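Coordinate inspection notes
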Amino acid sequence: MSDERTQDRVGRRFAGRVVIVTGASREPSIGRATAMRVGREGASVVVNAREAGPLAEAERALAEAGIPVVAVRGSMEEEATAQRIVEAAGAAFGRLDGVVNTVGGNRFLGSPRTMTRSELLETIELNTWGPVALVQRAIEGGLGAGGAVVNVSSGTVRKTTPKMIAYAAGKAALDAITRTLARDLATLGIRVNAVAPGFTRTDGTRSMWAPDDGAVAARNLPLGRLTRAEDIAAACAFLLSDDAMQITGCVLDVDGGNHLQGGGWTPMTDPTIQGRTG
Ligand SMILES: NC(=O)c1ccc[n+]([C@@H]2O[C@H](COP(=O)([O-])OP(=O)(O)OC[C@H]3O[C@@H](n4cnc5c(N)ncnc54)[C@H](OP(=O)(O)O)[C@@H]3O)[C@@H](O)[C@H]2O)c1
């Protein structure tokens with residue numbers, strides 16, 4: 001194949017396909033960057049978030065980029081949202097090829113010695129049930145052979161940062177769910193993978209990178225560069241695409257080499273940096 005044709009194929013990997021991305025409104029965020037990435041590569045996208053203003057702004061930005069887009073407002077913690085998203089995909093575009101679950105996060109930031117039962121269980125629920133429910137509804141709504149799911153996990157799973165205990169447990173459960181669904185849904189021809197970001201420059205981590213534009217975080221990574229939402233989006237797009245057609249059940253680290261440090265520096269261990277995810 002000539003270089004030009006290869007570029008053509010890579011550039012339009014999602015032509016004619018429909019992809020749902022949850023948590024895809026704020027700028028910058030992993031969800032919004034992923035919706036933009038797969039949309040630029042030809043996908044029609046269904047984006048979701050809770051607040052109307054940022055969601056409408058994301059919808060406008062995607063539409064201005066020439067991407068067919070539908071926005072569904074609602075929390076992935078509410079039972080009906082997954083169903084409404086899948087119905088919107090069917091009504092607007094008539095098919096469903098991919099799901100990217102980015103909603104998750106850290107409800108509890110404190111000592112494992114004072115963590116309550118509800119802080120642990122609610123954090124695990126936030127990071128697991130939404131992705132499972134959306135995959136269930138997506139299969140009912142037409143996701144089938146050739147389809148793919150990408151869950152956004154976290155490198156925190158392997159970092160043993162004490163005050164991130166509930167979040168790490170939630171994402172570890174999501175990794176187990178990813179591998180188990182991969183095995184189960186392979187029988188339907190659907191692939192299921194995850195991306196594990198390290199500390200990434202997003203709206204959710206703004207208070208941790210904004211003061212120095214991420215200089216400390218970048219300095220503490222082997223690759224010396226702060227991870228951007230677009231870096232995670234590129235990995236999500238790869239795992240969603242046919243370029244990854246023989247890959248299922250993997251959790252891909254995208255973190256500038258942070259996991260190589262074996263529990264080394266994270267913004268969460270730096271007393272000068274405050275924030276809610278990582
Ligand atoms: N950034 C990092 O350093 C990092 C590192 C590792 C893993 N992660 C994981 O990556 C994922 C995305 O993180 P991010 O940093 O991109 O987040 P973010 O910048 O805080 O953006 C989150 C997006 O999801 C929406 N959202 C939040 N809760 C929602 C809910 N319950 N239902 C529907 N939409 C919701 C938000 O809009 P609304 O608030 O309007 O709903 C927003 O558009 C999370 O699972 C996070 O745990 C992030």
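Residues numbered from 1 in each chain as written. Predicted model: local features only at pLDDT ≥ 70, side-chain atom pairs only at ≥ 80, totals over all residues. Heavy atoms only, no water.

With that out of the way, let us pick up the confidence of the model for the protein. Taken residue by residue, the protein gives an average pLDDT of 93. The fraction at 70 or more is 90%. Within the model, the stretch residues 1–9 combines pLDDT values under 50 with three contacts to residues more than four positions away or in other chains. (pLDDT = per-residue confidence, 0-100. Contact = heavy atoms within 4.5 Å.)

Between helix H5 (residues 117–140) and helix H6 (residues 165–185), the least distance of the axes is 7 Å, while the angle of their chain directions is 25 degrees. When the interaxial angle is binned, H5 and H6 end up roughly parallel. Crossing of H5 against H6: the hand is right-handed. In this structure, H5 contributes Glu119, Leu120, Thr123, Ile124, Asn127, Thr128, Pro131, Val132, Val135 and Ile139 to the contact, and H6 contributes Ala166, Tyr167, Ala169, Gly170, Lys171, Ala173, Leu174, Ile177, Leu181 and Leu185. For the contact of H5 with H6, the residue count by class is 14 nonpolar, four polar and two charged. (Axes fitted to C-alpha atoms, helices over the stretch in contact; angles between N-to-C directions. Helix = DSSP H or I, 4+ residues; strand = E, 2+ residues; numbered from the N terminus. Parallel < 35°, antiparallel > 145°, perpendicular 65-115°, else oblique. Left-handed = near helix turned anticlockwise from the far one by under 90°. Nonpolar A, V, L, I, M, F, W, Y, C, P; charged D, E, K, R; others polar.)

This part is about the pattern of salt bridges. A complete count under the given rule lists 14 salt bridges for this structure. Close ionic contact of Arg137 with Glu140 constitutes a salt bridge, the shortest N to O distance being 2.9 Å. A residue pair is termed a helical-turn pair when its members lie 3 or 4 positions apart in one helix, as Arg137 and Glu140 do in helix H5 at three residues. For Arg225, the salt bridge is made with Asp231, and the minimal N-O distance between the two is 3.1 Å. What emerges from the salt-bridge pattern is a single network uniting Arg13, Arg37, Glu41 and Asp243. (Salt bridge = Lys/Arg side-chain N within 4 Å of Asp/Glu carboxyl O.)

For the rest of this paragraph, the subject is the nonpolar core. With 30 residues, the main nonpolar core has Val38, Val45, Val47, Leu62, Val195 and Leu240 as its most contacted residues. At the level of elements, strand E1 (18–21), helix H2 (30–40), strand E2 (44–49), helix H3 (52–64), strand E5 (148–152) and helix H9 (229–240) are the ones that each hand at least two residues to this core. The leading source of residues in this core is H9, at six residues. Core analysis: the second largest hydrophobic core is formed by 24 residues, Val70, Val72, Ala182 and Leu185 among them. (Core = buried A, V, L, I, M, F, W, Y, C linked by side-chain atoms within 4.5 Å. Buried < 20%, exposed > 50% of the residue type's maximum accessible area, 1.4 Å probe, protein only.)

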